[in-house]
Each structure stands twice: as structure tokens, then as C-alpha cells.
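Descriptive structure summary
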Amino acid sequence: MNFNTEAFQKLTAIVGENYIFTDAETLLHFGHDETEDLSFPPQVVIKPANTQEISEILKVANQYKIPTTPIGARTGLSGGSLSIYGGIGLSLERLNKILEIDENNLQVIVEPAVITQVLREAVAEKGLFYPVDPSSMGSCWIGGNIAENSGGARAVKYGVTKDYVLNLEVVLPTGDIIWTGANTLKNSTGYNLTQLMVGSEGTLGVITKIVLKLIPQNKHNVLLLVPFYKAEQACEAVSAIFRAGIVPSALEFMERDAIDWTVKFLDGISVDIKPEHQAHLLIEVDGNYPEILMIEAEKILEVVEQFDIDEVLFADTEEQKNALWRMRRGVGEAVKSNSIYKEEDTVVPRYELPILLKGIKEIGNKYGFRSVCYGHAGDGNLHVNIIKENMSDDNWQIEVPKGIREIFELTVALKGTLSGEHGIGLVQKNYMDIAFGKVHLELLERIKAIFDPNNILNPGKIFPDEL
């Protein structure tokens, strides 16, 4: 890497000396996200104020071939924002404004560092709804959601991030600035660069402005917690609910350990869990007419009562609903508080969930690891937390990756894929050969090379070390 004094002086001149950092504390802070216990500090952190400054920074980085990693809120779980080759850590934290809420066209224009929940609350005040709700929505940023194509609990009914992105302002690795699309609901004008950027994990360009579609806000919802005596039956019930003609706004799976750990981790959560309960489904339906929602809830009860379940909890109050959602959104942090862990983000057609869950447990037994599973069962997205606990470092480093490979092989055999919403990043990249053949991977690499001829932008992510 050609990170010389001349390059550093040029970068300082762009942002000013108050927004460029080389002290160890700052570098360490920006050297990790929520992926396991990994740490890859950049050599310098830069905090630009606007699109033009980012353009100038990338021109310098491209000239001197300095690796540059876009860094958002660092809530990611695939190592996507880690500066594995050092270089520049490009923090986007100063681009944090909601620029316009267009109530006539049901659109919003935001900068990438707007917190997802802040956006949701801002548009809700105007009776509008941005449905994408990752579990970390209170801290994650819209820009990162787009980079990873984030989903969340309500993706089952409303879709994921890509379904709401209309247009993007992007700075390319060369420093050129483009808009990828148009602020319209339909667009058949050329290749769809907007959707190419969504989920590109910061490898093709730096997103600086975002145009999102909004929808009207529903006024009512009903929330149920269903305890199952058999975890695989909870997975079977997911597909049965849809086959009965019900499309929930959320349908979440939590196995026993996930709830136990979360109840201990969070204050103010009280759920009556019997020793025989193996798993729960958290099911929500929403709409504008309470009487219709109650009919749908009764239909869901008819379906789940075909399985071996215990008494269903109807959340009667907003306080009770909030507590149940806080429990579900707290699972990841609760698992992390118990042990070092690896989180995989498998996704299969929802009917295959019981086979996937059974297979994961069998693979864990084979390789000697324990797993805690939960996730967005309504769209087939199962998060698999592999727990280190008392496992030796050698087994953790050698045996567990073999088990993860088998989990992904099972997932792909079930017509699924490696990631539903967390992205590939650093930690999944060497499993990409399971999902894609050589021709597919080489095509992806050629696309990367067109956007980024010097491979400076978030290098070392997505693509296997050996093709």
C-alpha cells in the first residue's frame, strides 16, 4: 500500500485536521463491528462531511491505491466494515440528515448515517410507514441496511430493503459521482444499477444519498406467542399458516435456549415457559380493521392447534406487545453475552425449515458444538448461533468451520442460500463456492473490476480467497 506523507497531506486538506484520525483509540474503535471478536483497525479514520469530500478522498485513494473501507454504525454480523488491509476507514457518521419527506409521493430522501428507527419514527409522525426493521434498528444506519440488503421481522409481509430503494447517489471508487436510477416507482431505463448497489456490501461504491419508497401506516395489530412442545413442529406450522391463506406481518421462531437466555439478560421480561416447551412462534397480523385481524388470529389458532402446543398468549396491551418484541430483538445480544459465538444467516424456502433445523442439530452433534437457533421463520430465514462455551480453541478453529460448511451445503441442497440479510463480508466468503460455480463467481469479480479497477474499495470481502 502506498500510504505516504503526500497522500496523507492531501487527505487532510480535503476534510481538515479535525476530521482525520490516527490515534490508537479511534482506530481500535472503528476496527470492529458485531462479528464475533474480530478486530481490524484501519491506519487512518476519515470523517467526511458530504458527497464532494468523499469523491475527493476516493480520488486520492485510487491514485495511491489505498484500501478504503466504508464504515457505518458497525452493527454488522459478517465483518463487512472491517479494514482487513488497514488503509482508510471511511466513517460516514456526519452524513446523518433526513433531507426531505415527500408526503405527496410517499418518498423520503436520507443520508446514509440516519438511524433506521429514527427514520421510521419521523415518517410515522406523518402517517407513513417504512417497514424494514432489523433487530438492531435502534442503532443501525440506513446506509448499512442498503449495503447488506437488510431485512427484519416484517420482511415476510412487506419485503426487505431492496423493495423500498428507488434511487441512490453513489461515489464510485474512482471518485466519480452518479445517480443510479430515478425517483419513480417504475423504471425500465437501462441496467438496474440501483439494485446492483443494494447488497453490494460497500464493494462497488459509497452511498451518499438514498431515495426510499414509503407506504401508508396500518393502525392496528394483533400479536400472539405460541409455545410448541417440539421445535420441528414450530417450523412445520410456519408453512401451514401461509397455506391457510394468512400472510402475517411478522412470524418469528425462537428455540428454547434463545428465550431462556434473553429473559435472563433483559430486565422486565416475564414469559411463562414450561420445561417441556422446545420453541415459540411470535406471530403478528396487522391492518386497519380490528375485526378482520381477529378473524385472521382465530384462523392462525385453528392452524397451530393441529400441532402439539401449549396455551397461546395474546398480547392484550401495547406494553405487553413491546415486551415480547423487546425479547425477540434482544436474542442476539443475549446469546453474545453468554459466550463467544459465530452467527450464520441461513435461508431456505419456508417449507424446508423443519429439515434445516433437524440437520443443523445433527451436524452440531457430529462436530461437537451447540447451536441456538432463531429468526424470521416466515420467510425461511434461520439465524444459527454456534456457541463456543468450553470448546477448545483448536476445535473452534478447525472443526466448527467444517460443520458450518456442512450446514451451508444442506441449506443449498434445500434450494436455499448462505445469507438472507447479514451479507457475506469476510466470514462467509470462503463458503461462496457452495452457492455459486466458477463462472458465476468470475462474473461477479468482473463486475467488481469494472466499478473498482484498482480494487481499493472494501477489498477482501465477498470473494473466496481462492477461486
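Residues numbered from 1 in each chain as written. Predicted model: local features only at pLDDT ≥ 70, side-chain atom pairs only at ≥ 80, totals over all residues. Heavy atoms only, no water.

The name that an unreviewed UniProt entry assigns to the protein chain is FAD-binding protein, with the source organism given as Flavobacterium bernardetii. On record in UniProt, under Cofactor (unreviewed entry), the comment for the protein chain is "FAD". (UniProt positions renumbered as here; feature names shortened; annotations may be inferred.)

Points about the UniProt feature "domain: FAD-binding PCMH-type" (unreviewed entry) in the protein chain
This chain's UniProt record puts "domain: FAD-binding PCMH-type" (unreviewed entry) on residues 38-217. Between the first and last C-alpha atoms of residues 38-217 the distance is 39 Å; the span itself is 22% helix and 23% strand. (Helix = DSSP H or I, 4+ residues; strand = E, 2+ residues; numbered from the N terminus.)

Some thoughts on the packing of helix 9 (residues 256-265) against helix 12 (residues 331-338)
Between helix 9 and helix 12, whose axes approach to 8 Å, the crossing angle comes to 85 degrees. Taken together, the axis directions place helix 9 and helix 12 in an arrangement best described as roughly perpendicular. Residues Ala-258, Trp-261, Thr-262 and Phe-265 of helix 9 form the contact with helix 12, whose participating residues are Val-331, Glu-333, Ala-334, Val-335, Ser-337 and Asn-338. (Axes fitted to C-alpha atoms, helices over the stretch in contact; angles between N-to-C directions. Parallel < 35°, antiparallel > 145°, perpendicular 65-115°, else oblique. Contact = heavy atoms within 4.5 Å.)

Details of the sheet that holds strand 12 (residues 220-228)
If you trace the seven strands from one edge of the open sheet to the other, you get 15-12-14-13-17-18-16, paired in antiparallel fashion. The outermost strands of the open sheet, each flanked by one partner alone, are strand 15 (313-314) and strand 16 (341-347). Bridge analysis of strand 13 (residues 250-255) against strand 14 (residues 279-287) gives six bridges, and the strand direction is antiparallel. The residue bridging Met-254 from the neighbouring strand is His-280, located in strand 14. Those strands touched by helix 13 (residues 353-367) are strand 13, strand 16, strand 17 (370-376) and strand 18 (381-387), and its axis lies near 160 degrees from that of strand 17. (Pairing = 2+ DSSP bridges.)

With respect to the environment of Ile-146
Its location among the elements puts Ile-146 in helix 5 (residues 142-148). C-alpha separation for the pair Ile-146 and Ile-210, spaced 64 residues apart in sequence, amounts to 9.0 Å. Those residues in contact with Ile-146, other than ones at most four positions away along the chain, are Thr-161, Val-165, Leu-168, Met-197, Val-198, Gly-199, Ile-207 and Ile-210.

Some words on the layout of surface pockets
The space that makes up the second largest pocket amounts to roughly 820 Å³. Surrounding the second largest pocket, 37 residues form its lining, Asn-149, Val-198, Gly-199, Ser-200 and Glu-201 being those nearest its centre. Of all elements in the fold, only helix 7 (193-197), helix 15 (432-435) and helix 16 (438-451) reach the threshold of two or more residues within the lining of the second largest pocket. Among the elements that take part in the lining of the second largest pocket, helix 16 stands out by supplying four residues, more than any other. Along the lines of polarity and charge, the residues of the lining of the second largest pocket split into 15 nonpolar, 15 polar and seven charged. (1 Å grid on protein atoms, 1.4 Å probe; cavity = no way out; pocket = protein on both sides within 12 Å on 5 of 7 lines; lining within 4 Å. Points joined across faces, edges and corners; volume = space filled by probe spheres on them. Nonpolar A, V, L, I, M, F, W, Y, C, P; charged D, E, K, R; others polar.)

Quick word on empty space enclosed by the protein
Summed over all chains, the structure comprises one cavity of 30 Å³ or more. Lining the largest cavity are Glu-34, Thr-35, Glu-36, Leu-77, Tyr-341, Glu-343, Glu-344, Val-427 and Gln-428. When grouped by side-chain class, the residues that make up the lining of the largest cavity number three nonpolar, two polar and four charged.

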